[in-house]
Amino acid sequence: MRQIVYEEEMNGLVMDRVIRDYEFNMAEKHIHDNYEIYYLLEGERNYFIEKQTYLVREGSLVFVNRHLIHNTGVSHTSYHDRILIELQAEPFSTFFNCTQEVTLSDFFRSHTGVVELDAARRTYIEALLEGIHQDLKDKDTGYRLSVYSRLSSLLLCAMRCPLKKPTYLHSMNIYKNNKYTKVDEVATYIAANFATVSSLSGLAEHFYISRSYLSRVFKEVTGFTVSEYINTARIRQAQKLLEDSSLNISEISRETGYETVTYFEKIFKKHTGITPLKYRRLHEIHKWPADASRYSVEDKQPDSAPLNSGQKKSDI
């Protein structure tokens, strides 16, 4: 059974609470342009982020930066009760920039992962989350300001938590240990060698496991096929090179492991909605707005929505 306790939203923020009492593993690949805050009220979950699987216990916060591959799966027990908040960069980035304390991007860059709370902080965080829920539900005068305030308090609490080594699954003696450990190893290897990793068969041979086993467990843990994961790593590197280097499209194609420019452009457009050239032009406009008139309106518009941007939050 899945029970949606509530779903609320305001400009730039979506919040929901979902209870499940069955074995739920996210089936679809999950990567998006929003920041994510996940709080586990009850239960236990396995949480894969980028190339590492965490064991998330009740009373833990999970922060996920934008554009990171992430996926949740069943752990010891199927029952779990979780709250999820997704934040768009704006208007929250502007708000946090004004505080001159921390930027939203810096916070998520340094805090992505699991924060395990003690009893006092757990009570405090749950009160903040319930306050945000009531603000969004009632929408009384000044509710947006109240949401900003409570959200700031939540991030500040996480910043002040003593640094603690999170619980990784490969340090736990549980029956799924080998599967998650192997997927973490493969994901880490791909992240470091995406330009030269070419096939599922090659990876299976490198890690001395069967091709079919690797294909099955990798998709089960990450939500991505091995090929999708490799292409995601390559395209993210291509985006960085398009933004920050003077390499031409052919050079970037070779740098990221693609044999032909045509195939690179096809995969890039599938992941981002626009061609590499349009992507570079858009980011040049961001950097040098005075030159924006050089580009047409057509150049500024994605040809399609980014991959997976419309997945329902209650599917997490």
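What comes next is a walk through the structure. In this text the structure is predicted, and so the values were computed from the model without any measurement.

## Details of the pattern of salt bridges
Item 1. Applying the stated criterion across every chain yields a total of 12 salt bridges.
Item 2. Note that R122 and E58 form a salt bridge whose closest N and O atoms lie 3.6 Å from each other. With R122 in helix α3 (residues 119–138) and E58 in the loop between β4 (52–57) and β5 (60–64), the pair connects residues that are 64 residues apart, well separated along the chain.
Item 3. By relative accessible area, R122 is classed as partly exposed at 23%.
Item 4. When its relative accessible area of 38% is taken as the criterion, E58 is described as partly exposed.
Item 5. A salt bridge links K179 to E220, with the shortest nitrogen-to-oxygen separation between them at 2.4 Å. Of this pair, K179 sits in helix α5 (residues 177–193) while E220 sits in helix α7 (residues 211–222); the two residues are 41 residues apart in sequence, bridging distant segments of the chain.
Item 6. The class of K179 is buried, set by a relative accessible area of 13%.

## What about the nonpolar core?
Item 1. Counting residues in each nonpolar core, the largest one holds 35 residues, and the members touching the most others are I37 and F63.
Item 2. For this core, the element with the highest residue contribution is helix α4 (residues 143–160), accounting for 8 residues.
Item 3. Once residues within four sequence positions are removed from consideration, I37 is found in contact with L61, V62, F63, I83, L84, I85, L87, F108, L151, L154 and L155.
Item 4. The next biggest cluster of nonpolar side chains, apart from the first, holds 22 residues, and it includes V197, L203, F207 and I230.

## Quick look at the pairing of β5
Item 1. Taken across its 5 residues, β5 has 5 buried, putting it largely inside the fold.
Item 2. Bridging between strand β3 (residues 35–49) and β5 involves 5 bridges; their strand directions are antiparallel. The residue bridging I37 from the neighbouring strand is F63, located in β5.

## What about the side chain of N34?
Item 1. Here N34 is to be found in the loop between β2 (13–20) and β3.
Item 2. A distance of 3.1 Å separates polar atoms of two side chains, one belonging to N34 and the other to E86.
Item 3. For N34, the contacting residues outside a window of four places in its chain are V64, N65, R66, E86, L87 and Q88.

Basis of the calculations
Residues numbered from 1 in each chain as written. Predicted model: local features only at pLDDT ≥ 70, side-chain atom pairs only at ≥ 80, totals over all residues. Heavy atoms only, no water. Salt bridge = Lys/Arg side-chain N within 4 Å of Asp/Glu carboxyl O. Helix = DSSP H or I, 4+ residues; strand = E, 2+ residues; numbered from the N terminus. Buried < 20%, exposed > 50% of the residue type's maximum accessible area, 1.4 Å probe, protein only. Core = buried A, V, L, I, M, F, W, Y, C linked by side-chain atoms within 4.5 Å. Contact = heavy atoms within 4.5 Å. Pairing = 2+ DSSP bridges. Polar contact = N/O pair within 3.5 Å; in protein donor to acceptor, adjacent residues only side chain to side chain.

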